[in-house]
There are 2 protein chains.
Amino acid sequence: MKPLSPNEAEDRIFSLRGKVPSVNCALEAAAGKILRQDITADHDLPPFDRVMMDGLAVRLSGSRRFLVQGVAAAGMPQIVLPSAEDAAVEVMTGAVLPDGADAVLPCEWYDFHDGVAVLQPGKAAKAGEFIHRQGSDHRAGDALLRSGIRLGPVEIGIAAACGCAEIQVAAPLRIAVLGTGDELVSVGEVPKAGQIRRSNTHALAAALQLAGHGPTATGCLRDDPEDLRQGLAAVLSENDLVVLTGGVSKGRWDLVPEILVSLGAVSILHGIAQRPGKPMGVWQMPGGQVVFGLPGNPVSALVCLHRYVLPALSHWSSESSPMRPRRILRGEFTKPTGLTLFLPIREMPDGTVAPAPVANSGDFSGLAGSDGFVEVDESFAEGAAAPYFPWFAK
Amino acid sequence: MKPLSPNEAEDRIFSLRGKVPSVNCALEAAAGKILRQDITADHDLPPFDRVMMDGLAVRLSGSRRFLVQGVAAAGMPQIVLPSAEDAAVEVMTGAVLPDGADAVLPCEWYDFHDGVAVLQPGKAAKAGEFIHRQGSDHRAGDALLRSGIRLGPVEIGIAAACGCAEIQVAAPLRIAVLGTGDELVSVGEVPKAGQIRRSNTHALAAALQLAGHGPTATGCLRDDPEDLRQGLAAVLSENDLVVLTGGVSKGRWDLVPEILVSLGAVSILHGIAQRPGKPMGVWQMPGGQVVFGLPGNPVSALVCLHRYVLPALSHWSSESSPMRPRRILRGEFTKPTGLTLFLPIREMPDGTVAPAPVANSGDFSGLAGSDGFVEVDESFAEGAAAPYFPWFAK
């Protein structure tokens, strides 16, 4: 059977489960989350004819000399401009334009003494100038934000202006990241002969956290059928998503697939036409939980997390068609025949990217100094922009 | 006096204070922070001759038929390959290469029955193949990570492999974000005539948080000299950095500058040759605290935060020369003479950016759908890449 292409694998993964539910979230805690409601203007924007400069509100009468007869500060209800042709009200940026005024004169335009303002030569009031008219940006009821966007500072500001002290966002999934392997010891230990420290779970949990998912449970399971079975069952009972690294190939030492099947898992895919990460597998449990079996190789595991797990989390959160960034790739590299290549790259000052290949990949040190990877498939042509997956958003 | 250029303003701001101290941080909490120590390999990488495939470890003897006489699993100390020419040890990915072995044969290369493995035609053992040699990536003592980098998943993985259960990172600064203005009411309130809801503080706090700084205290001060004075004094006593929006221009309604001076502040700059954000000011208090006075206009405030406050925080954290991203700008726009333009843009699928100008800017709604802004100064030439400031990293 021909192994799946990355896009075929992605389609199969995306369809594995429905959208996560929505939850209420305080606006202060919503940055970075996916909005799950529309946000509409609850009043006109601006809500009133708004003064845009400190100065004088006047009538268009041809007068160049004004008697200042009041003050309109920001936050005050609207006042009335007295009816005399040369009446003026001193106004502050953000104030309501006094009723009857046609224009605002900025304070740099006139000389002011003893309650009388005289326009400087060459300056003149123009109808509507320095007035931000009520509703000129948006009318009450206009949709300002659509469900599905990721909430950045702009969107948080809009939600605040619309009175959303709480908003509906995508609920977090409960995620566990597990290493497997008898050679793994914890970070605090000194490895004995044949052992290495666990690093995959730390790196993957960091990537999930930096992408806005977390905290994640992390742990490690031994290469022992009974340990694996019990450990997996316990973790599956408490999580929606389990990310495993190691033990997922089809070799005689790879115990994970058969144990998952013994726990009732359905194999969704096993093997993708890609380098690195070819042995990756995905299973679904009877309770709906999704298990990503990533290779134990650190580079492969991190690449597969960014190529499949993070996009799936966006998709299941109903993030509206996030545009996958692309970068123009400049420099030499070797593409394996028949496999999609995930090529580690470095960002260049001009916005292009250059290959930063790793010789071996027994650990993460070969990726130091790289910024992420690009996806190079059969359709890639020199000079084209390739899909770009940064290790994290900086 | 000619107002400062953005780069001159930045230089002046950066030199305002020394580096923040370093603090110890658990590795699990370090993602996104700035590393403040070098991290060196505490052992060779790999720490031993590491088997890269499940298969057989053999001697180079010309033999094509092997007697399998043992198993080397991952995590086991090194074993010895028996001395017979046709001796083999079954090995697992990640295991220590048995002493005396010259090569690894992947399990797909041979047929195995009753303890005897026979190489398939066309396959042959090659010296060193599928062996990741001890120290071939790095030697014990090699510096793997340098102080000053931002810790992403790769760096967290490297730190884990080197046994850093805790690492030194840049200490957070205590930051407060304050709105000023009598027209401002809280998000939960329904604005009365002449009032609007506070949105700047929410947007700025979200931007700080999404850039890895936070939590920040937020609040609002009235346009009243005594309120402002008491409020500012209280906030300054508890924070290293205060970001104000509104009340910072040089007009008669702008009370902040003179109150800061009455509290002992030194004016560092007031006015920058830029649009938007021209009235921006920076002050330093006798206790060393830095006060950024951003304009009250929401777009100006957000632009100035990204152009000055976030880069200053990186600089003071000793982040090693973060490369400022640049983007090729395509599309029409008008550049004001003599002022640097901060132009809101939208990211295009091909990696370039297009102008997304806002008509008015009394609120954040005009920025909906924009991804950030580029800096267009006198030196900008069409087709060139301009410095890019995303609203947040996605």
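Not measured: the values here are computed from a predicted model.

A. Structural context of the overall build of chain A. Looking only at helices and strands, one finds 6 helices and 26 strands in chain A. Here the C-alpha radius of gyration of chain A, 31 Å, is well above what a compact globule of 394 residues would show, namely 21 Å. C-alpha extents for chain A along the principal axes are approximately 95 × 45 × 45 Å. Here chain A, with 394 residues, has 50% of them falling under the buried criterion.

B. Representation of the confidence of the model for chain A within the structure. In the predicted model, chain A carries a mean pLDDT of 93, and the fraction of residues at 70 or more is 99%. Across the assembled chains, the prediction reports ipTM 0.93 with pTM 0.93.

C. Representation of helix H6 (residues 298-316) of chain B within the structure. Residue and element names in this part refer to chain B. Taking 1.5 Å of rise per residue, the 19 residues of H6 would be expected to cover 27 Å, and the 26 Å separating its terminal C-alpha atoms lies within 8% of that figure. The largest bend in H6 comes to about 40°, at leucine 305. Of the residues flanking the end of H6, it is serine 318, one or two places downstream, whose phi is positive at about 65°.

D. Looking closely at the sheet that holds strand E8 (residues 110-113) of chain A. Residues and elements named next belong to chain A. Overall, mixed pairing links the 6 strands, which are arranged E7-E4-E6-E5-E9-E8 in an open sheet. Looking along the sheet, the strands with just one partner apiece sit at the ends: strand E7 (103-106) and E8. Each neighbouring strand pair of the sheet contributes to a mean axis angle of 35°, computed without reference to strand direction.

E. The interface of chain B and chain A, seen in detail. With 86 residues of chain B in contact, the opposing surface of chain A contributes 85 residues. For the side of chain B that touches chain A, the element with the highest residue contribution is helix H3 (residues 200-210) of chain B, accounting for 8 residues. Its residues placed into classes, the side of chain B that touches chain A shows 45 nonpolar, 26 polar and 15 charged.

F. Spatial organisation of the nonpolar core. In terms of nonpolar packing, the biggest core is built from 89 residues, with Ala159 of chain A together with Leu204, Ala207 and Val243 of chain B touching the most fellow members. With 11 residues, H6 of chain B is the single largest residue contributor to this core. In this structure valine 243 of chain B touches Ile175, Val177, Leu204, Phe292, Leu294, Leu305 and Val309 of chain B, once residues within four positions along its chain are discounted. Judged by nonpolar contacts, the second largest core, of 88 residues, contains Leu244, Trp316 and Trp391 of chain A together with Leu151 of chain B.

G. Inspection of the relation of the copies chain B and chain A at higher detail. Mapping chain B onto chain A is achieved by rotating through 180° and translating by 0.0 Å along the same axis, at an RMSD of 0.1 Å. Viewed as a symmetry operation, the transformation between the two copies matches a two-fold axis. For chain B, the minimum C-alpha distance to the rotation axis belongs to alanine 393 of chain B and amounts to 2.5 Å. Most of the interface of chain B is mirrored in chain A, where 99% of its interface residues again form contacts.

H. Geometry of the packing of H3 of chain B against H6 of chain B. All names here are of chain B. Contact geometry of H3 with H6 gives a least axis separation of 10 Å together with a crossing angle of 20°. Comparing their axes, H6 and H3 come out roughly parallel. H6 is crossed by H3, and the crossing has right-handed handedness. Packed against H3, whose contacting residues are Asn200, Ala203, Leu204 and Ala207, the element H6 presents Pro298, Ala301, Leu302, Leu305 and His306 at the interface. Classifying every residue of the contact of H3 with H6 by side-chain character gives 7 nonpolar, 2 polar and no charged.

I. How the structure looks around the environment of tryptophan 109 of chain A. Structurally, tryptophan 109 of chain A is set in the loop between E7 and E8. With 209 residues separating them along the chain, tryptophan 109 of chain A and serine 318 of chain A place their C-alpha atoms 52 Å apart.

J. Region of the structure containing helix H3 (residues 200-210) of chain A. Residues and elements named next belong to chain A. Of all 11 residues making up H3, 10 are buried, and the element is well covered by its neighbours. Of the positions making up H3, those classed as buried are Asn200, Thr201, His202, Ala203, Leu204, Ala205, Ala206, Ala207, Leu208 and Leu210. Among the residues trailing H3, glycine 212 stands out with phi positive, at a value near 95°.

K. Highlighting the sheet that holds strand E8 (residues 110-113) of chain B. Residue and element names in this part refer to chain B. Spatially, E7-E4-E6-E5-E9-E8 is the arrangement adopted by the 6 strands of the open sheet, whose pairing is mixed. Of all strands in the sheet, those with a lone pairing partner are strand E7 (103-106) and E8, marking the two edges. Strand after strand, the sheet turns through a mean of 35° between neighbouring axes, direction not considered. Two elements, strand E4 (residues 55-58) and strand E6 (residues 87-91), share 4 bridges in a ladder whose sense is antiparallel. For leucine 56, the partnering residue across the bridge sits in E6 and is glutamate 90.

L. Layout of the domain arrangement of chain A. Considered domain by domain, chain A is made up of domain 1 (6-20 + 172-316), domain 2 (22-44 + 137-170), domain 3 (50-132) and domain 4 (326-390). Computed over C-alpha atoms, the centres of domain 3 of chain A and domain 4 of chain A are 60 Å apart.

M. Molecular detail of unusual backbone geometry. A cis geometry characterises the amide bond from arginine 275 of chain A onward to proline 276 of chain A, with omega recorded as -5°. With respect to the helices, strands and loops of the structure, proline 276 of chain A is situated in the loop between strand E19 (274-275) and strand E20 (281-284). Of the consecutive residues leucine 45 of chain B and proline 46 of chain B, the connecting peptide bond is found in the cis state with omega at -10°. Locating proline 46 of chain B in the fold gives a position in the loop between strand E2 (39-40) and strand E3 (50-51). We note that phenylalanine 130 of chain A has phi near 60°; this positive angle belongs to a residue other than glycine. Position of phenylalanine 130 of chain A relative to the elements: it lies in the loop between strand E9 (116-119) and strand E10 (131-132). At aspartate 114 of chain B, a position not held by glycine, the phi torsion is positive, near 50°. Secondary-structure assignment places aspartate 114 of chain B in the loop between E8 and strand E9 (116-119). Assessed through the 5 C-beta atoms surrounding it within 10 Å, aspartate 114 of chain B is described here as exposed.

N. Representation of the packing of H3 of chain A against helix H2 (residues 153-161) of chain B within the structure. One way to put it is that H3 of chain A packs onto H2 of chain B with a least axis distance of 8 Å and a crossing angle of 155°. What the angle tells us is that H3 of chain A and H2 of chain B run roughly antiparallel. Judged by the sense of rotation from one axis to the other, the crossing of H3 of chain A with H2 of chain B is right-handed. Note on element contacts: H2 of chain B touches H3 of chain A through Pro153, Val154, Ile156, Gly157 and Ala160 of chain B, opposite Asn200, His202, Ala203, Leu204, Ala206, Ala207 and Leu210 of chain A.

O. Focus on the environment of alanine 193 of chain A. As for its placement among the helices and strands, alanine 193 of chain A is situated in the loop between strand E14 (184-185) and strand E15 (196-197). Judged by the 11 C-beta atoms lying within 10 Å of it, alanine 193 of chain A falls in the exposed class. Taking the C-alpha atoms as reference, alanine 193 of chain A lies 9.3 Å from glutamate 183 of chain A; in sequence the two are 10 residues apart. Not counting the four nearest positions on each side in its chain, alanine 193 of chain A is found in contact with Pro77, Gln78 and Val96 of chain B.

P. Looking closely at the pairing of strand E23 (residues 340-347) of chain A. All names here are of chain A. Counting buried positions along E23 gives 6 out of 8 residues, so the element sits mostly inside the fold. Here E19 runs beside E23; their pairing, made up of 2 bridges, is parallel. Paired with arginine 275 across the two strands is leucine 341, which belongs to E23. Of the pairings in the sheet, the one linking E23 to strand E25 (residues 372-376) comprises 5 bridges and is antiparallel in character. Looking at the pairing, leucine 341 lines up with valine 376 of E25.

Here is what the cut-offs are and how they apply
- Residues numbered from 1 in each chain as written.
- Chains lettered and ligands numbered in written order.
- Predicted model: local features only at pLDDT ≥ 70, side-chain atom pairs only at ≥ 80, totals over all residues.
- Helix = DSSP H or I, 4+ residues; strand = E, 2+ residues; numbered from the N terminus.
- Rg over C-alpha atoms; globule rule 2.2 N^0.38 Å.
- Buried ≥ 20, exposed ≤ 12 C-beta atoms within 10 Å, placed from the backbone.
- pLDDT = per-residue confidence, 0-100.
- Expected span 1.5 Å × (residues − 1).
- Bend = angle between axes of the 7 residues up to and from the residue.
- Pairing = 2+ DSSP bridges.
- Axes fitted to C-alpha atoms, helices over the stretch in contact; angles between N-to-C directions.
- Contact = placed C-beta atoms within 7 Å.
- Nonpolar A, V, L, I, M, F, W, Y, C, P; charged D, E, K, R; others polar.
- Core = buried A, V, L, I, M, F, W, Y, C linked by C-beta atoms within 7 Å.
- Least-squares fit on C-alpha atoms with pLDDT ≥ 70 in both.
- Parallel < 35°, antiparallel > 145°, perpendicular 65-115°, else oblique.
- Left-handed = near helix turned anticlockwise from the far one by under 90°.
- Domains from an automatic or database assignment.

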